[in-house]
Amino acid sequence: MKIKNKNVGNDHQTYIIAEIGINHNGDIDIAKKLIDVAVDAGCDAVKFQKRNPDVCVPEHQKSIMRETPWGYISYLDYKYKIEFGKKEYDLIDEYCNKKNIHWFVSCWDIDSVDFITSYDTPCIKVASASITETELLQHIRNTKIPTILSTGMSTLDEVKNAVEIFSGSDYGLLHSVSTYPAPIDELNLNVINTYKDLFPTAVIGYSGHEVGLSPSYAAVAIGAKIIERHITLDRSLWGTDQSASIEPQGLSMLVSNIRDIEKSLGDGKKNVTEGEKIIRKKLRG
């Protein structure tokens, strides 16, 4: 698949997505700082989440009260506090273009799809929570924009049904485990191999929610061509996704080590390297 000016999959570099999500806590200045973190680390893209809270929040949850940085407010009011609108996304669009990094969003409803397609978005993301929403998936498919689907908390049949909608289009499929943070012994990274076998026309990747970086490295080593990780300025900040996110230093390490892993994998053809030829001559004559 091609995401704007970058080829993704096959022998191309791993496409690395820094998931800002809602870790900006409704603050555009924090969002810009997180974009800077992703740019400095060498990520290919940043991703946000876009939803219409009136549509996405279940009726029985809208009036539930909770403690937030904005006081003791309803869950619906909280969702609006952390939701960016056109003003903020205009600034994000301008800032990301200036910084030369892709940006896109997870669309949680049809209104959000229509909203984001007013921008020159290189991609649309489907969150794990939305993968069974057939009407939403079909609406996204109709945009003909490259799409990446996360598959957390989904059965294989549910994944197959979603894939059928995007058959014949440019799409990526990410293995994911939707707990925050995800226990290491539940990651089941070999699902990546299962997806590679079952969906040969898809670009297969991994969206990680675990603490630590080693599973993301293992995912690349077994063939993941897209890596997505949540990022934060500080894991101790308020918010549901902060504790399962990577701080700036960890993100830089993630990108650097993935690029080293890519170089080390090679083409699989056994040969004698130039450096070995010298040693070979010395030891074998």
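See the structure shown above.
The sections below set out a description of the structure shown in this document. (Residues numbered from 1 in each chain as written. Predicted model: local features only at pLDDT ≥ 70, side-chain atom pairs only at ≥ 80, totals over all residues. Heavy atoms only, no water.)

Quick word on the overall build of the protein
Looking only at helices and strands, one finds 12 helices and 12 strands in the protein. Taking 19 Å as the expected radius of gyration for a compact globule of 285 residues, we find that the protein reaches 20 Å, a close match to that expectation. A principal-axis box enclosing the C-alpha atoms of the protein has dimensions of 80 × 40 × 40 Å. Burial statistics for the protein: of 285 residues in total, 49% are counted as buried. (Helix = DSSP H or I, 4+ residues; strand = E, 2+ residues; numbered from the N terminus. Rg over C-alpha atoms; globule rule 2.2 N^0.38 Å. Buried < 20%, exposed > 50% of the residue type's maximum accessible area, 1.4 Å probe, protein only.)

A short note on the side chain of S207
Here S207 lies in strand β11 (residues 203–208). A polar contact is formed between the side chain of S207 and the side chain of E228, at a distance of 2.6 Å. When neighbours within four sequence positions are excluded, S207 is seen to be in contact with S150, L174, H175, S176, V177 and E228. (Polar contact = N/O pair within 3.5 Å; in protein donor to acceptor, adjacent residues only side chain to side chain. Contact = heavy atoms within 4.5 Å.)

Let's talk about the pattern of salt bridges
Applying the stated rule across the entire model yields 11 salt bridges. With a shortest N-O distance of 3.2 Å, R229 and E210 are connected by a salt bridge. One end of the pair, R229, is in strand β12 (residues 226–230); the other, E210, is in the loop between β11 and α10 (214–221), and 19 residues separate them in sequence. For R229, a relative accessible area of 2% corresponds to the buried category. Ionic pairing is found between R259 and E262, a salt bridge with its closest N-O pair at 3.1 Å. Taken together, the residues span about one helical turn, with R259 and E262 both in helix α11 (residues 248–265) at a distance of 3 residues. (Salt bridge = Lys/Arg side-chain N within 4 Å of Asp/Glu carboxyl O.)

A short note on the layout of surface pockets
In this structure, the largest pocket encloses a volume near 670 Å³. Listing elements by their share of the lining of the largest pocket, those giving two or more residues are β4 (45–50), α2 (53–56), α4 (75–81), β8 (124–126) and β12. Looking at which element gives the most residues to the lining of the largest pocket, the answer is α4, with 3 residues. (1 Å grid on protein atoms, 1.4 Å probe; cavity = no way out; pocket = protein on both sides within 12 Å on 5 of 7 lines; lining within 4 Å. Points joined across faces, edges and corners; volume = space filled by probe spheres on them.)

A word on the state of the cysteines
Taken as a whole and judged by the stated rule, the model has 0 disulfides. Its sulfur unpaired, C96 is 12 Å from the next cysteine sulfur, which belongs to C43. (Disulfide = S-S within 2.5 Å.)

Some remarks on the nonpolar core
V46, F48 and W103 are the most contacted members of the largest nonpolar core, which has 65 residues in total. If one sorts the elements of this core by residue count, helix α1 (residues 28–41) sits on top with 7 residues. Once residues lying within four places of it in the same chain are set aside, the contact partners of W103 are V46, F48, Y89, I92, D93, C96, I116, Y119, T121 and P122. Formed by 12 residues, the second largest nonpolar core is a distinct cluster that contains I3, I148, V203 and I226. (Core = buried A, V, L, I, M, F, W, Y, C linked by side-chain atoms within 4.5 Å.)

Observations regarding α10
Residues of α10 that are buried: P215, S216, Y217, A219 and V220. Considering only its buried residues, α10 is in contact with α9 (191–198), β11, β12 and α11. One or two residues past the end of α10 sits G223, with phi positive at roughly 120°.

Describing unusual backbone geometry
Each neighbour pair has its own omega, and for Y180 with P181 the value is -5°, a cis peptide bond. Within the secondary structure, P181 is located in the loop between β10 (171–176) and α9. The backbone phi angle of N10 is positive, close to 50°, even though this residue is not glycine. Here N10 lies in the loop between β2 (6–7) and β3 (15–21).

Some words on empty space enclosed by the protein
A complete count under the given rule lists 1 cavity of 30 Å³ or more for this structure. Roughly 40 Å³ of volume is contained in the largest cavity. I22, N23, N25, Y78, I82, W238, G239, T240, D241 and Q242 together form the lining of the largest cavity. When its residues are assigned to classes, the lining of the largest cavity shows 4 nonpolar, 5 polar and 1 charged. (Nonpolar A, V, L, I, M, F, W, Y, C, P; charged D, E, K, R; others polar.)

Topic: a nonpolar patch on the surface
Together, I278, I279 and L283 give the surface a local cluster of nonpolar side chains, amounting to about 350 Å² of exposed area. By relative accessible area, which is 62% here, I278 ends up exposed. (Patch = residues over 30% accessible without salt bridge, like charges linked within 9 Å, V, L, I, M, F, W, Y side chains within 5 Å. Areas by Shrake-Rupley, 256 points an atom, 1.4 Å probe, with all protein chains shown as cover.)

A few points about the packing of α1 against α11
Packed helices, taken two at a time, are described by the angle their axes make and the gap between the axes. Interhelical geometry of α1 versus α11 gives an angle of 30° and a closest axis separation of 8 Å. Compared by their axis directions, α1 and α11 come out roughly parallel. Handedness of the α1/α11 crossing: right-handed. Seen from α1, the contacting residues are V37, A38 and A41; seen from α11, they are P248, L251, S252 and V255. Broken down by class, the residue content of the contact of α1 with α11 amounts to 6 nonpolar, 1 polar and no charged. (Axes fitted to C-alpha atoms, helices over the stretch in contact; angles between N-to-C directions. Parallel < 35°, antiparallel > 145°, perpendicular 65-115°, else oblique. Left-handed = near helix turned anticlockwise from the far one by under 90°.)

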